[in-house]
Amino acid sequence: MTSSDRSPAVDVQQSKSYEIRTYGCQMNVHDSERLSGLLEEAGYVRAPEGSNGEADVVVFNTCAVRENADNKLYGNLGHLAPKKASRPGMQIAVGGCLAQKDRDTIVKRAPWVDVVFGTHNIGKLPVLLERARVQEEAQVEIAESLEAFPSTLPTRRESAYAAWVSISVGCNNTCTFCIVPALRGKEKDRRPGDILAEVEALVAEGVSEITLLGQNVNAYGSDIGDREAFSKLLRACGNVEGLERVRFTSPHPRDFTDDVIAAMAETPNVMPQLHMPLQSGSDTVLKAMRRSYRQERYLGIIEKVRAAIPHAAITTDIIVGFPGETEEDFEQTLHVVREARFAQAYTFQYSKRPGTPAATMDDQIPKQVVQARYERLVALQEEISWEENKTQVGRTLELMVAEGEGRKDDTTHRLSGRAPDNRLVHFTKPDQEVRPGDVVTVEVTYAAPHHLLAEGPVLDVRRTRAGDAWEKRNAAEAAKPAGVMLGLPKIGVPEPLPATTGGCAAH
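Everything numeric in this text was worked out from a predicted model, so none of it was measured. (Residues numbered from 1 in each chain as written. Predicted model: local features only at pLDDT ≥ 70, side-chain atom pairs only at ≥ 80, totals over all residues. Heavy atoms only, no water.)

1. Side note on the pattern of salt bridges
Piece 1. Within the structure shown, the criterion is met by 30 salt bridges.
Piece 2. For Glu 198, the salt bridge identified is with Arg 34, shortest N-O distance 3.4 Å. Here the residue Glu 198 occupies a position in helix H7 (residues 192–204), and Arg 34 occupies one in helix H1 (residues 26–41), the gap between them amounting to 164 residues.
Piece 3. A residue is classified by how much of its surface remains accessible, and Glu 198, at 12% relative accessible area, is buried.
Piece 4. Using a relative accessible area of 2% as the deciding quantity, one classes Arg 34 as buried. (Salt bridge = Lys/Arg side-chain N within 4 Å of Asp/Glu carboxyl O. Helix = DSSP H or I, 4+ residues; strand = E, 2+ residues; numbered from the N terminus. Buried < 20%, exposed > 50% of the residue type's maximum accessible area, 1.4 Å probe, protein only.)

2. Section: the pairing of strand E17 (residues 424–428)
Piece 1. Judged by how many residues are buried, E17 sits mostly within the fold: four of five residues are covered.
Piece 2. For strand E16 (residues 414–418) and E17, the ladder comprises five bridges, and the chain directions are antiparallel. Directly across from Ser 416, in E17, lies its bridge partner His 426.
Piece 3. Turn length for the E16-E17 hairpin, with the two strands adjacent in sequence and antiparallel, is five residues, and the turn residue Asn 422 shows positive phi of about 75°.
Piece 4. Sheet topology places E17 next to strand E20 (residues 452–454); three bridges connect them, and they run parallel. By the bridge assignment for E20, His 426 is matched with Leu 453. (Pairing = 2+ DSSP bridges.)

3. What to know about the packing of aromatic side chains
Piece 1. Within the structure shown, the criterion is met by four aromatic pairs.
Piece 2. Look at Tyr 293 and Tyr 298: their rings are 6.2 Å apart centre to centre, the planes differ by 35°, and that puts the pair in the tilted class. Per residue, the accessibility class of Tyr 293 equals that of Tyr 298, and both read buried.
Piece 3. What makes Tyr 298 buried here is its relative accessible area of 1%.
Piece 4. Through pairs of rings, three or more aromatic residues link up here, namely Tyr 293, Tyr 298 and Phe 342.
Piece 5. The aromatic ring of Tyr 74 is capped on one face by Arg 109, whose charged end is 3.8 Å from the ring centroid.
Piece 6. Lys 390 extends its terminal NZ or CZ atom over the ring of Trp 386, reaching a point 4.5 Å from the ring centre. (Phe/Tyr/Trp six-rings, centres within 6.5 Å; stacked < 30°, edge-to-face > 60°. Lys NZ or Arg CZ within 6 Å of the ring centre and 35° of its normal.)

4. Remarks on unusual backbone geometry
Piece 1. Omega for the peptide link from Thr 249 to Ser 250 comes to -10°, which places this bond in the cis form.
Piece 2. Even without being a glycine, Gln 279 presents a positive backbone phi close to 75°.
Piece 3. Inspection of the secondary structure puts Gln 279 in the loop between strand E12 (273–275) and helix H10 (283–289).
Piece 4. Unusually for a residue other than glycine, Asn 422 sits at a positive phi of about 75°.
Piece 5. Here Asn 422 shows up in the loop between E16 and E17.

5. A few points about the sheet that holds strand E11 (residues 245–249)
Piece 1. What the three strands build is an open sheet, ordered E7-E10-E11; its pairing is parallel. Of all strands in the sheet, those with a lone pairing partner are strand E7 (162–166) and E11, marking the two edges. Averaged over all adjacent pairs, the angle separating strand axes in this sheet is 25°, with direction ignored.
Piece 2. Across five bridges, E7 lies against strand E10 (residues 209–213) in parallel orientation. Within the sheet, the bridge partner assigned to Ala 162 lies in E10 and is Glu 209.
Piece 3. Packing against the sheet, H1 makes contact with E7, E10 and E11, and its axis sits at approximately 105° to E7.
Piece 4. Where H7 meets the sheet, it contacts E7 and E10, and its direction lies at approximately 170° from that of E7. (Axes fitted to C-alpha atoms, helices over the stretch in contact; angles between N-to-C directions. Contact = heavy atoms within 4.5 Å.)

These results come straight from atomic positions and should not be treated as a statement about function.
Here's what the structure looks like:
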């Protein structure tokens, strides 16, 4: 963004509030942190949690993966229409994948929207809002190619101690169920030096965990002509002093090579956790999906990872009921689930994505058949998840303390944290102060399908620079005058698993 594109800062004495509603995958979450940073740099202040459309500026960061994404958006816009009509000066902006896809349609269907911007030009939001205010007409600006990597823009991170770092945007795959490549474009890689400079800057601020982010993260290097660039990047992260945990999401089985497995196993701060989308266990369905691997290749990767990293927790995405899926095809998916023994599986019933080849395929599966298969898959995976978690009982684990991860922590007098393999562990609250970002050592005493318990006393507490950063951030928020910064940030390790499947960081 050039200096001429920057809108003048809002007068702090008359600061306008903003609210961002985020839908979709981690890339959208990452973009929303940048949108927050851009608005705050322009002088806006964050509205309190639960403001429910009462902010001066409401931004929708949309996803186009779900079949009914547009209905949800227009429903929400409809709820805001009377509020906007009764509040002169209120503005509504729509960005993200659905904005990139629908463009002028949004303003036609919801003429009270002030700004529509795409996935490639999120840095333009403040100037577009200002232009809409001055010209008193909607501004629709959709860039066809990336103007700036999101990570280079100002940011307001949701966590004081854990951060996303985008290493690439876009995707070169052509999966028939996914519209994301059409909306985010071909893969563009950041220079390794720029990525590491951002990582080092984050660590200097107190961040102790980073998650490398890309639509197809392990294809990193294809745009810059180095097929081993991703494994080299992982090893380079191992040399960043003070960086305790490195994760990444989401890889694609096609590009998952032995050098990456070796880098994971040999780099101490790369965590023993892997999210490897399967989508289907049937070779026939995988071919129809245009997934460029087959069952044997997928299970071979799992076997190699387990041999190199015995305690790795492997998670996945699975789509049930893809067009043409037979009972035999579905049984092949169940076979892979039994063989791979995933710690967790994010399972989804296939739904049509407008604009994708799969949406017009023959042999769409009846809803009742999809539902029945889905329930069988969930039941099997729940059983395996519980069995796998039971193997953790008796283990001594180092947890990075989180906030907001345990919904019942207040009533149970527990705290919550993430193990190195990203399993969620609730533990007894110790007598001494423990802050998000600090590290505790506990012994696991009980396993449930989706979490572990450490009911005994905490064995050790290690205060960290990340905990200091959390404490400093909260103190700074509390010291700000009322009305200039409303509400405290939600603190916690970014969830590395996709909120949606079949697209956008879920390959």
